[in-house]
Amino acid sequence: MGHLQENLGRVRQRIREAAMRAGREPESIRLLAVTKTVPVERIQEVVDAGVDLLGENRVQELLDKHPQVRGPVRWHMIGTLQTNKVKYIYDKVALIHSLDRLSLAQAIDRQAARLGRPIDCLVEVNVAGEESKHGVDRRELISFIRNVTAFEGIHICGLMTMAPYVDDPEEARPVFRDLYQLSREVDELGLQRVEMRHLSMGMSNDFEVAVEEGATIVRIGSSLFGGRS
Ligand SMILES: *Cc1c(COP(=O)(O)O)cnc(C)c1O
C-alpha cells in the first residue's frame, strides 16, 4: 500500500531532478501511469494519491477499467489500435498516442464526426527503424502528417515513440533527441490542426533521459506498480 505512494514519490522526484538538470520546468512534464495488467484497486490508489493520467494499451482493458476508476482522471490509449476498435474508445480517451497509419486516421476521423469535434492524437514514430515496432518510419513522417491533415477530425498534438529496450538508458538518448528534432521540423511547417505540443517518450527504464531530451509525457508502468507477470 504505502509502497505505491513511495514509488510514486520516487518517480516524481526523479522526473523533477531530470527536468532541473536540463533546465526545464518540472511542471512541464506529465506523468502518465501505465495501468496495463494492474487491478483497479491499485489504480485507484495512485489516483487517490494525485495521478490524473492513466494509459492502457489494450482496448478491452481500457473499457473494463474506465467505468470503475473514480476521480478526476483522463485515459490515454497508448497501444496499437485496430481500426475497427476506435468506435469503442473514441469518447473515453483524451489522447490517442498511437496514430501510425492512414486507415487508422480515417477510422478516427469518422468517430470525430460523431463527436462533433476533432480527436487529439499523437503520431507514433519508429525512430530507430526497428522491424518489430509499430510507428511511422521517420523518413515518411512529414508526408504522413501532411496526409493526415486532410482529415478535419484529427488534431495532431505531438509525437510519441518507444525506444528500443537497452540496458543502459544512455543508449536511448539519440532516439529521444531525434524525436525532439523531428517535432521541430514538423512544427516549422505550420500545418493546420498540427501542433507539436507533446512528446510522449520515456518508460520506466529510460524516462530520465527522455525528460532531459524534452519529453512532456512520460509513460510509467513498472516503476510505479512493480513488475508485470
Ligand atoms: C507498457 C508500456 C509502457 C510502460 O512500460 P514500463 O516499462 O512498465 O514503464 C509505456 N508505453 C507503452 C506503449 C507500453 O505499452
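What counts, and at which threshold
Residues numbered from 1 in each chain as written. Predicted model: local features only at pLDDT ≥ 70, side-chain atom pairs only at ≥ 80, totals over all residues. Heavy atoms only, no water. Near = heavy atom within 4 Å. Polar contact = N/O pair within 3.5 Å; in protein donor to acceptor, adjacent residues only side chain to side chain. Areas by Shrake-Rupley, 256 points an atom, 1.4 Å probe, with all protein chains shown as cover. Nonpolar A, V, L, I, M, F, W, Y, C, P; charged D, E, K, R; others polar. UniProt positions renumbered as here; feature names shortened; annotations may be inferred. Helix = DSSP H or I, 4+ residues; strand = E, 2+ residues; numbered from the N terminus. Expected span 1.5 Å × (residues − 1). Buried < 20%, exposed > 50% of the residue type's maximum accessible area, 1.4 Å probe, protein only. Arc of directions from axis to C-beta. Contact = heavy atoms within 4.5 Å. Disulfide = S-S within 2.5 Å. Pairing = 2+ DSSP bridges. Right-handed = clockwise from strand over helix to strand, strands pointing away.

A. Here's a closer look at the site of the ligand. Around the ligand lies a shell formed by V34, K36, N57, I78, M162, M203, S204, R219, I220, G221, S222 and R228. Note that a nitrogen atom of the ligand is positioned 2.8 Å from one of the side-chain N or O atoms of R219. Take S222: an N or O atom from its main chain is 2.8 Å from an oxygen atom of the ligand. Out of a free accessible area of 390 Å², the ligand has 93% covered by protein chains. Partitioning the shell around the ligand into residue classes produces 5 nonpolar, 4 polar and 3 charged.

B. Representation of the UniProt feature "domain: Alanine racemase N-terminal" (unreviewed entry) in the protein in the model. Here the UniProt-annotated "domain: Alanine racemase N-terminal" (unreviewed entry) positions come out as residues 7-228. Helix and strand shares over residues 7-228 are 38% and 21% respectively, and the end C-alpha atoms of the span are 15 Å apart.

C. View of helix 5 (residues 102-115). For helix 5, built from 14 residues, the straight-helix expectation of 20 Å at 1.5 Å per residue is met to within 8% by its first-to-last C-alpha distance of 20 Å. Residues L104, A105, A107, I108, Q111 and A112 constitute the buried set of helix 5. For helix 5, the angular spread of buried residues about the axis comes to 165 degrees, placing them on one side. More than 90 degrees from the buried face of helix 5, the exposed residues found are R110, A113 and R114. For helix 5, the secondary structure elements touched by its buried residues are helix 4 (86-89), strand 4 (95-99), strand 5 (119-126), helix 6 (141-148) and strand 7 (154-160). Phi turns positive one or two residues past the end of helix 5, at G116, with a value near 80 degrees.

D. Structural view of unusual backbone geometry. Within the chain, T37 stands out as a residue other than glycine whose phi angle is a positive 65 degrees. Along the chain, T37 falls in the loop between strand 1 (30-34) and helix 2 (40-48). When its relative accessible area of 51% is taken as the criterion, T37 is described as exposed. Of note in this structure, R193 is not a glycine but carries a positive phi near 60 degrees. With respect to the helices, strands and loops of the structure, R193 is situated in the loop between helix 7 (173-189) and strand 8 (194-200).

E. Summary view of the environment of L182. Among the secondary structure elements, L182 is positioned in helix 7. Spatially, the C-alpha atoms of L182 and V69 are 36 Å apart, while their sequence positions differ by 113 residues. Not counting residues up to four positions away in its chain, the partners in contact with L182 are V125, R138, L141 and L159.

F. Inspection of the state of the cysteines at higher detail. Tallying each qualifying case throughout the model produces 0 disulfides. Free of any disulfide, C121 has its nearest cysteine sulfur in C157, 7.4 Å distant. Given the relative accessible area of 0%, C121 is considered buried. For C157, a relative accessible area of 2% puts it in the buried group.

G. Region of interest: the pairing of strand 3 (residues 74-77). With 4 bridges joining them, strand 2 (residues 53-56) and strand 3 adopt parallel strand pairing. Bridge pairing in strand 3 links E56 to M77. For the crossover that starts at strand 2, traverses helix 3 (residues 59-65) and ends in the parallel strand 3, the hand is right-handed. Relative to strand 4, strand 3 is paired through 2 bridges, and the arrangement is parallel. Opposite H76, over in strand 4, you have L95 as the bridge partner.

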